[in-house]
Amino acid sequence: MSDTQHRRDIKSYVVRGGRLTVSQQKALENYWPEYGLERNQGIVESQLLFGNDHPLVFEIGFGMGDSLVEMAAASPQQNFIGVDVHPPGIGMILRKIAERELDNVRVYQDDAKLVLAECMADNSIDRVQIFFPDPWHKKRHHKRRLIQAAFIEELLPKLKKGGVLHLATDWQNYAEQMLEVLSGFPQLKNLAASGNFSTEHERPVTKFERRGERLGHGVWDLQFRKIS
Ligand SMILES: C[S@@+](CC[C@H](N)C(=O)[O-])C[C@H]1O[C@@H](n2cnc3c(N)ncnc32)[C@H](O)[C@@H]1O
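Anyway, here's the lowdown on the structure attached to this text.

What counts, and where the lines are drawn
- Sequence order as written defines the numbering, with residues in each chain counted from 1.
- Reporting of local features is limited, given that this is a predicted model, to residues whose pLDDT is at least 70; pairs of side-chain atoms are given and counted only at 80 or more, and all residues count toward the totals for whole chains, interfaces and linings.
- As a rule, any residue with its backbone-derived C-beta atom within 6 Å of a molecule or strand is reported as near that molecule or strand.
- A run of H or I in DSSP counts as a helix once it spans at least four residues, and a run of E counts as a strand once it spans at least two, with each numbered from the N terminus.
- Note that Gly is not counted as nonpolar here; it falls among the polar residues with everything else outside the nonpolar set of Ala, Val, Leu, Ile, Met, Phe, Trp, Tyr, Cys and Pro and the charged set of Asp, Glu, Lys and Arg.
- To sort residues by burial, count the other C-beta atoms lying within 10 Å of each one's C-beta; a count of 20 or more means buried, 12 or fewer means exposed, and anything in between means partly exposed. C-beta atoms are built from the backbone.
- Residue pairs qualify as contacts under a 7 Å threshold applied to their C-beta atoms, which are placed from the backbone.
- For the purposes of this analysis, a nonpolar core is taken to be any set of buried Ala, Val, Leu, Ile, Met, Phe, Trp, Tyr and Cys residues that are connected through C-beta atoms within 7 Å.
- In short, DSSP must find at least two bridges between two strands for them to pair.
- Fitted lines through C-alpha atoms give the axes, limited to the stretch in contact for helices. The angle between two N-to-C directions lies from 0 to 180 degrees.
- Between the first and last residue of a helix there are one fewer steps than residues, each counted as 1.5 Å, and that sum is the expected span.
- Here the bend at a residue means the angle between the axes of two seven-residue stretches, the one that ends at it and the one that starts at it.
- Oblique is the label for any angle not covered by the other classes, which are roughly parallel (under 35 degrees), roughly antiparallel (over 145) and roughly perpendicular (65 to 115).
- Put simply, a crossing is left-handed when the front helix is turned counterclockwise from the back one by less than a right angle, and right-handed when it is turned clockwise.

Points about the site of the ligand
Move 1: As a matter of local geometry, the ligand sits amid 23 residues, with Gly-61, Gly-63, Ala-112, Thr-206 and Phe-208 nearest to it.
Move 2: Only strand S3 (79–84), helix H6 (112–119) and helix H9 (207–214) provide two or more residues apiece to the shell around the ligand.
Move 3: Residues that form the shell around the ligand fall into these classes: 11 nonpolar, six polar and six charged.

Quick notes on the environment of Phe-58
Move 1: Positionally, Phe-58 belongs in strand S2 (residues 56–60).
Move 2: Exposure remark for Phe-58: the 26 C-beta atoms within 10 Å place this residue in the buried category.
Move 3: Distance from Phe-58 to Val-83, taken between C-alpha atoms, is 7.9 Å for residues 25 residues apart in sequence.
Move 4: Not counting chain neighbours up to four residues away, the residues in contact with Phe-58 comprise Ile-81, Met-120, Ile-125 and Val-128.

A short note on the nonpolar core
Move 1: If you look at the biggest cluster of nonpolar residues, it comprises 55 residues, and the most contacted ones within it are Ile-93 and Met-178.
Move 2: In this structure Met-178 touches Ile-147, Leu-167, Thr-169 and Leu-222, once residues within four positions along its chain are discounted.

Some details on the sheet that holds strand S5 (residues 125–131)
Move 1: What the eight strands build is an open sheet, ordered S1-S4-S3-S2-S5-S6-S8-S7; its pairing is mixed. Of all strands in the sheet, those with a lone pairing partner are strand S1 (36–37) and strand S7 (188–190), marking the two edges.
Move 2: Sheet topology places S5 next to strand S6 (residues 159–169); six bridges connect them, and they run parallel. For Ile-130, the partnering residue across the bridge sits in S6 and is Leu-167.
Move 3: In the packing of helix H8 (residues 172–183) onto the sheet, the strands contacted are S6, S7 and strand S8 (220–226), and the crossing angle to S8 comes to about 10°.

Some thoughts on helix H2 (residues 22–35)
Move 1: Across its 14 residues, H2 extends 19 Å between first and last C-alpha, which sits within 8% of the 20 Å expected from 1.5 Å per residue.
Move 2: Along H2, the helix axis deviates most sharply at Glu-29, where the bend reaches about 40°; the proline Pro-33 sits within four residues downstream.
Move 3: Residues Gln-24, Ala-27, Leu-28 and Tyr-31 constitute the buried set of H2.
Move 4: Along its buried surface, H2 packs onto helix H5 (87–99).

Re the packing of H2 against H5
Any two packed helices are characterised by how steeply their axes cross, that is the angle between the axes, and by the distance between the axes.
Move 1: Taken N-terminus to C-terminus, the directions of H2 and H5 make an angle of 65°; their axes are 8 Å apart at the nearest point. As summarised for this structure, H2 and H5 are arranged roughly perpendicular, according to the angle between their axes. Between H2 and H5 the crossing geometry is left-handed. Across the interface between the two elements, Ser-23, Gln-24, Gln-25, Ala-27, Leu-28, Tyr-31, Trp-32 and Tyr-35 of H2 pack against Pro-88, Ile-90, Gly-91, Met-92, Leu-94, Arg-95, Ile-97 and Ala-98 of H5.

Printed below as a string of C-alpha cells:
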C-alpha cells in the first residue's frame, strides 16, 4: 500500500447514523440532481457547471450548511463547492440552497480528500475554507485530524497562486497544530504576522462554533495566502 493510500484510509470523520428528517429526505430526492455532484463525474469545469468564471470557493466540512449558504447568498459573484459526508447535513443544505434559489453552490457527499484529488484541477480554487474540522481531542486520535502536512501538500496545488486557505477551530491544541503545519510551507504566507492567528477575517458564525461558545471555548482563525 502506498503512503498516500495509507493516509487516505485514515478517515477524518465518522459517518454517524441517524435518520434524515422527512424534509431532508425530500430535499435529497428533489434537489440532488440539480445541486449534487458525484466524484465519478470527474474534474469540475466551473464554466460548464456555473456558466461563468467567477472565483471558486471550496469548503470542506460544511456541517448543516448554514454558514456556506449564508456566504453564497451574500456573494453572488463567487461560486461555492461544499463537501461533507454527513447525510442530514446534505439534505439540509440542499433544502436551503433551493429555498434561496442559489445558483452559485454545488455539493458533494463524499470525502473531501478524494474530491480534491479526483475532481479539482490544479490552480482552480481561489479560497479553501475549513471551519471547525473535527478536533479529535484524544491524543491517540490526532492522526485522524484533517489538518496535517501530508494533506496540505495534496491541497496546495489545487489552490491558485494568490489564493487563500482559511481555517478556524475552537480547540487550542488543534489551533497550534494548524499554525505549525501551515507555517512549515514556504509557499504559504500568514496573513497575520508570522506565528500569529488571524484577527481580520470575514465569515459567518457557524453552528459548531456556537456550540463551542456555549461551552466556553475560544476561537482561533488562520488565513494563509499561497504566494508561490
Ligand atoms: C465539527 S463539524 C463542523 C461543521 C461546520 N463547519 C460548522 O462549523 O458548523 C466537522 C464537519 O466536517 C465533516 N468532515 C470531516 N472530515 C471530512 C472529510 N474528509 N470530507 C468531508 N467532510 C468531512 C464532518 O462530517 C462534519 O460535518
